[in-house]
Amino acid sequence: MSILVYTENWEGKFKKSTYELLSYGNEIAKMMNTPLIALTIGNVDDNELKSLGNYGAEKVLKISDPKLDVFTSKSYTKAIYEAAKAVDAKVVIFSNNVSGKAISPRLTVKLDAALAAGVMHLPTSTDPFLVRKRVYSGKGFADYELNADIKILTLNTNSFEVIENHKDTVIEAFSVQIADSDLSAKPLSVEKTSGKLLITEAEILVSGGRGLKGPENWGMIEEMAEILGAGTCCSRPVADLEWRPHQEHVGQTGKVVAPNLYIAIGISGAIQHLAGVNGSKVMVAINTDPEAPFFEAADYGIVGDAFKVVPALNEAFRKFKQGS
Amino acid sequence: MKVLLCIGHVPDTTSKIKFTNNDTEFDKNNIQFIIGPYEELALTRLLELKEKIGDLNITAINVGPAETEPTLRKALAVGADDAIRVDAEPMDAFFVAKQIAEVYKQGDYDFVVTGKESIDYNGAQVGEMLAEILEFPSISGTSFIDIEGGKAKLEREIDGGKEILEVDFPFVSTAGKGFAIEPRIPSMRGIMMARKKPLNVVAATEAAAKTKVTRFYLPEPKSACKYVDAENVEELVRLLHEEAKII
Ligand SMILES: Cc1cc2nc3c(=O)[nH]c(=O)nc-3n(C[C@H](O)[C@H](O)[C@H](O)COP(=O)(O)OP(=O)(O)OC[C@H]3O[C@@H](n4cnc5c(N)ncnc54)[C@H](O)[C@@H]3O)c2cc1C
Ligand SMILES: Nc1ncnc2c1ncn2[C@@H]1O[C@H](COP(=O)(O)O)[C@@H](O)[C@H]1O
């Protein structure tokens, strides 16, 4: 028996979300009294792999197969399936990101398992296996009972703290059989918008809405983001009007984000917008209209003109950062 | 060519959510149901493709009780050619995927499109599960689809960029943002024609649900917003640091 965590790497490196995932897995491993095993696919050097032991992994399975250099959901599912079988995994955990979302449902079918996607908390019980997740785009929550021998969970980023728990981890090479028929959707090209902080990973987000009047006014938003080490995002009309790139659109039909701090500037707070951001720990709204619905959801509010408030706030944030 | 488009019957995006029966059921009272927003975009793009390549039959499918038929009729009014309702309560994503896989095998479809995520259960599961059951490749969160020379060209968002893929038929694509820009709405003529288009009801196949909701909850009510004077923004910085301990 074991708990298996799929630790994705980005050009050979892990992210904070990887350690969140392991910390989460380690707590479940304790609840179920069984070892925690990490699984990586690709070329990661041993030092980086060893770092997984700092968060509870007793063993790291390392799959390096040139056939897996390109990601396809089918081939990755196959590889993880073989590993899960080999270590008799009772719980398999993924990050609720692009690849986790693509692999986990397929693996669920292959392992005859039960899946809860987008969890934010530890299971409240492991027998029966009960875990809470958001439903109705964050307008509600539900306790899910998973009724299969193997359970699969995908964990939202920023929803679990990193807990150090040192183990002398062993690294073990694991080989898999990938057939050409498992690789049928081949990418022709990949376009990276590199360097930028992924908004789904950011701990602070500065977000702008139509109240900012035009793309030329985003300088002060980017400035705030830079001072705070934050990412930037926007409401849907802002992306639709092409004031900002589509990757920045958050909300019910855009990305779902849950940073520690969400600063909404010139955003009215429509229910579809809030659906994508209401998992944030603290929300700040800056709006000229005291009746803007965002103030009902926000923890802190400033009724005022963004063109005056934001530059002043940038000054204050800068002073604070220099002082601290 | 034939495509099977999986349509969810979900509460309107502006709905206020309530639960009933000791918080074990969603309260459908006063709720307006719609086609899932991603499926609406998918239908729009498939209609554009139909106009481009001529030969494309769009079958809309829903797994649900009779009350979902108006949603399927709406898909027909927007432009789907025919519709299938699998007569069953959608118990969980695996159950739904099993039903759709069965229908797929009975027909002569070339590919399947689903939404990337439903806005009720937010599972993001049905499309991928279906692909695994049928042993097809899956492309999730597709932001663009085109068909040319017997091959499909798709674009999808990946963490920190986008990827362009060429895929052989058959496959499952889960549609995300960008698939189409503005969803098409039914015309008067479309609504009239929809009444005559076939909506076939088929019986469910045996499949066991693996998950069950034991209880729903509403989010904790938020404490009231604390206002800071626009002339005194340093106060906000102080509160974020000392009270919220977030910076
Ligand atoms: C099916 C569906 C899905 C949707 N999905 C999404 C989604 O995913 N994400 C999303 O964001 N929206 C979504 N929407 C759209 C949503 O309903 C709103 O229309 C949208 O969020 C409004 O964006 P906004 O707040 O930027 O613009 P507006 O509603 O135009 O609000 C602008 C705000 O700026 C304020 N303002 C104006 N000038 C200033 C100033 N100088 N300083 C400070 N404040 C100022 C105004 O008071 C106002 O509150 C969806 C809608 C539908 C129907
Ligand atoms: N009952 C259903 N009938 C048909 N299609 C469905 C049903 N439920 C979900 N789907 C499709 O599967 C997608 C993903 O749903 P979900 O896995 O619930 O997030 C939706 O966007 C729909 O396209």
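Remember, it's a predicted structure, so these values are computed and weren't measured experimentally.

The rules behind each value
- Residues numbered from 1 in each chain as written.
- Chains lettered and ligands numbered in written order.
- Predicted model: local features only at pLDDT ≥ 70, side-chain atom pairs only at ≥ 80, totals over all residues.
- Heavy atoms only, no water.
- Helix = DSSP H or I, 4+ residues; strand = E, 2+ residues; numbered from the N terminus.
- Contact = heavy atoms within 4.5 Å.
- Areas by Shrake-Rupley, 256 points an atom, 1.4 Å probe, with all protein chains shown as cover.
- Lys, Arg positive; Asp, Glu negative; His and termini not counted.
- Charge placed at Lys NZ, Arg CZ, Asp CG, Glu CD.
- Domains from an automatic or database assignment.
- Salt bridge = Lys/Arg side-chain N within 4 Å of Asp/Glu carboxyl O.
- Polar contact = N/O pair within 3.5 Å; in protein donor to acceptor, adjacent residues only side chain to side chain.
- Nonpolar A, V, L, I, M, F, W, Y, C, P; charged D, E, K, R; others polar.
- Near = heavy atom within 4 Å.
- Pairing = 2+ DSSP bridges.
- Axes fitted to C-alpha atoms, helices over the stretch in contact; angles between N-to-C directions.
- Phe/Tyr/Trp six-rings, centres within 6.5 Å; stacked < 30°, edge-to-face > 60°.
- Buried < 20%, exposed > 50% of the residue type's maximum accessible area, 1.4 Å probe, protein only.
- Lys NZ or Arg CZ within 6 Å of the ring centre and 35° of its normal.
- Buried area = accessible area lost by both parts, 1.4 Å probe.

### Structural notes on the overall build of chain B
The secondary structure content of chain B amounts to six helices and 15 strands. Along the three orthogonal principal directions, the C-alpha set of chain B runs to about 65 × 45 × 40 Å. Long-range contacts, defined here as pairs at least 24 residues apart, represent 68% of the contacts in chain B between residues at least 6 apart. Per element, the accessible surface of chain B, about 11,100 Å² overall, is 50% carbon and sulfur. The average position of the 30 basic charges and that of the 41 acidic charges among the side chains of chain B differ by 4 Å.

### Quick look at the domain arrangement of chain A
Residues and elements named next belong to chain A. For chain A, the assigned domains are domain 1 (2–183) and domain 2 (204–322). Taken over C-alpha atoms, the centre of domain 1 sits 33 Å from the centre of domain 2. Contacts between the two partners involve five residues from domain 1, matched on the other side by eight residues from domain 2. Viewed at the interface, domain 2 and domain 1 are joined by zero salt bridges. Taken together, the links from domain 1 to domain 2 amount to five residue pairs in polar contact (both at pLDDT 80 or more). Across the side of domain 1 that touches domain 2, the residue classes break down as no nonpolar, three polar and two charged.

### Overview of the site of ligand 2
Residue and element names in this part refer to chain B. As a matter of local geometry, ligand 2 sits amid 17 residues, with C6, G115, S118, A124 and Q125 nearest to it. Within the backbone of C6, one N or O atom sits 2.7 Å away from an oxygen atom of ligand 2. In the model, an oxygen atom of ligand 2 is placed 2.7 Å from a nitrogen or oxygen of the Q125 main chain. Protein burial of ligand 2: of its 490 Å² of free accessible surface, 93% is covered by the chains. Counting residues per element, the ones that place at least two in the shell around ligand 2 are strand 6 (57–63), helix 3 (93–106) and strand 8 (111–115).

### Thoughts on the sheet that holds strand 10 (residues 151–158) of chain B
With respect to topology, ten strands assemble into an open sheet ordered 11(A)-11(B)-10(B)-9(B)-12(B)-8(B)-1(B)-6(B)-7(B)-13(B), the strand pairing being mixed. Both edges of this open sheet fall to strand 11 (185–192) of chain A together with strand 13 (199–203) of chain B, since each of them pairs with a single strand only. Sheet twist, expressed as the average angle between the axes of neighbouring strands with direction ignored, equals 30°. Strand direction decides the pairing type here: strand 9 (residues 138–148) of chain B and strand 12 (residues 172–175) of chain B, joined by three bridges, are parallel. Residue pairing for strand 12 of chain B: B:T142 is matched across the bridge by B:A175. Contacts from helix 3 of chain B reach strand 1 (2–6), strand 6, strand 7 (82–87), strand 8 and strand 13 of chain B within the one sheet, and its direction differs from that of strand 6 of chain B by about 145°.

### Overview of the packing of aromatic side chains
Within this structure, the stated rule accounts for 18 aromatic pairs over all chains. Between B:Y104 and B:Y109 the ring centres are 5.7 Å apart and the planes differ by 40°, which places this aromatic pair in the tilted class. Residue classification places B:Y104 among the buried residues on the basis of a relative accessible area of 8%. Aromatic rings pair up to connect A:Y136, B:F19, B:F26, B:Y121 and B:F216 into one cluster. Against the face of B:Y109 rests B:K2, its NZ or CZ located 4.9 Å from the ring centre. The ring of B:F94 carries the charged tip of B:K210 above its face, separated from the ring centre by 3.9 Å.

### Observations regarding the site of ligand 1
Close to ligand 1 lie 27 residues; A:S235, A:S268, A:Q272, A:H273 and A:N287 are nearest. With respect to ligand 1, its neighbouring residues span chains A and B. Interatomic distance of 2.9 Å between a backbone N/O atom of A:R236 and an oxygen atom of ligand 1. Interatomic distance of 2.7 Å between a backbone N/O atom of A:S268 and an oxygen atom of ligand 1. Taken by itself ligand 1 offers 990 Å² of open surface, and the protein chains cover 78% of this. The set of elements that each furnish at least two residues to the shell around ligand 1 consists of helix 6 (236–240), helix 7 (271–274) and helix 9 (306–323) of chain A. Classifying every residue of the shell around ligand 1 gives six nonpolar, 16 polar and five charged.

### As for the interface of chain B and chain A
Opposite the 74 residues of chain B that make contact, chain A presents 83 residues. Contact with chain A buries area across many residues of chain B, yet B:E132, B:D159 and B:K210 alone supply 10% of it, more than any other trio. Linking chain B with chain A are five salt bridges, by the criterion used here. B:E132 is the partner of A:R106 in a salt bridge, and the nearest nitrogen-oxygen pair spans 2.6 Å. Our count for the chain B to chain A interface comes out at 34 residue pairs in polar contact (both at pLDDT 80 or more). At the level of secondary structure, the elements contributing two or more residues to the side of chain B that touches chain A comprise helix 1 (37–53), helix 4 (126–134), strand 9, strand 10, strand 11 (161–167), strand 14 (211–217), strand 15 (226–227) and helix 6 (234–243) of chain B. Among the residues forming the side of chain B that touches chain A, the class breakdown is 38 nonpolar, 14 polar and 22 charged. Note that strand 11 of chain A and strand 11 of chain B share seven bridges and pair antiparallel. Paired with A:V190 across the bridge in strand 11 of chain B is B:E163.

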